[in-house]
Amino acid sequence: MGWLWMVLPAVMLGGGWIVENVRSALKTRHKRKLELLDAAQRRQLALDAANRPPEPVCGCTHHLATHDKAGRCHEVVEAPTAWDAERKPLRYESRPCNCQQYIGPEPLGTVFAAEIVDPR
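Residues numbered from 1 in each chain as written. Predicted model: local features only at pLDDT ≥ 70, side-chain atom pairs only at ≥ 80, totals over all residues. Heavy atoms only, no water.

## Quick look at the overall build of the protein chain
Part 1 of the argument: Summing up its helical and strand segments, the protein chain has one helix and two strands in all.
Part 2 of the argument: Along the protein chain, helices and strands appear, N-terminal first, in the series α-β-β.
Part 3 of the argument: Taken over 120 residues, the protein chain has a buried fraction of 9%.
Part 4 of the argument: Across the protein chain, every contact between residues at least 6 apart in sequence was considered, and the portion connecting residues at least 24 apart equals 24%.
Part 5 of the argument: Taken as a whole, the protein chain presents about 11,600 Å² of accessible surface, with 61% of it coming from carbon and sulfur. (Helix = DSSP H or I, 4+ residues; strand = E, 2+ residues; numbered from the N terminus. Buried < 20%, exposed > 50% of the residue type's maximum accessible area, 1.4 Å probe, protein only. Contact = heavy atoms within 4.5 Å. Areas by Shrake-Rupley, 256 points an atom, 1.4 Å probe, with all protein chains shown as cover.)

This is how it looks when you write it as structure tokens:
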């Protein structure tokens, strides 16, 4: 029982230091846990984006569904109509998009590779 009287003042005087260290360690652990959760979420978003097929988009950045069979775009865009002295647009007007869809050769849909034959 004599050792209790020696430990009690040490706990009372040094107890604040212990509590502060534990609290600091818990804060650090919490920050690291949040960083790991954030990294896992960013990884999952990147995987989801990688597994999504590419969107068919024209050079005008509009979806190909808005183009007719002739290649004419049917979207409406905001075009500048007035400029200031530094050539910055002041007013905009709605106009039909005047792009024409790419009509050139279609890229290969699949890659053809001949089978490797053993010449023996």
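Next comes the rest of the write-up.
## Let's talk about the side chain of His67
Part 1 of the argument: Of note, His67 is situated in the loop between helix H1 (2-51) and strand E1 (76-83).
Part 2 of the argument: Leave out the neighbours within four places in its chain, and His67 touches Cys58, Cys60, His62, Arg72, Cys73, His74, Cys99 and Gln101.

## Considering the pattern of salt bridges
Part 1 of the argument: Counting across every chain of the model gives two salt bridges.
Part 2 of the argument: Arg42 is paired through a salt bridge with Asp38; the nearest N and O atoms lie 3.5 Å apart. Highlighted residues: Arg42 and Asp38, both in helix H1, separated by four residues, approximately one helical turn.
Part 3 of the argument: Of the residues examined, Arg42 reaches a relative accessible area of 52% and is grouped as exposed. (Salt bridge = Lys/Arg side-chain N within 4 Å of Asp/Glu carboxyl O.)

## Thoughts on the pairing of E1
Part 1 of the argument: For E1 and strand E2 (residues 89-96), the ladder comprises seven bridges, and the chain directions are antiparallel. The residue bridging Ala82 from the neighbouring strand is Arg91, located in E2.
Part 2 of the argument: Between E1 and the antiparallel strand that follows it, E2, lie five residues; Arg87 among them carries a positive phi value of about 65°. (Pairing = 2+ DSSP bridges.)

## Comments concerning unusual backbone geometry
Part 1 of the argument: Even without glycine at this site, Thr61 takes up a positive phi of about 70°.
Part 2 of the argument: Position of Thr61 among the secondary structure elements: in the loop between H1 and E1.

## Some points on the state of the cysteines
Two cysteines form a disulfide when their sulfur atoms are joined by a covalent bond.
Part 1 of the argument: Taken as a whole, this structure holds zero disulfides when the rule is applied.
Part 2 of the argument: You can see Cys73 has no disulfide; the closest cysteine sulfur is in Cys97, sitting 3.9 Å from it.
Part 3 of the argument: Looking at the unpaired Cys97, the closest cysteine sulfur is the one in Cys99, lying at 3.9 Å. (Disulfide = S-S within 2.5 Å.)

## A few points about the environment of Lys69
Part 1 of the argument: With respect to the element layout, Lys69 can be found in the loop between H1 and E1.
Part 2 of the argument: Taking relative accessible area as the criterion, Lys69 reaches 90% and is therefore assigned exposed.

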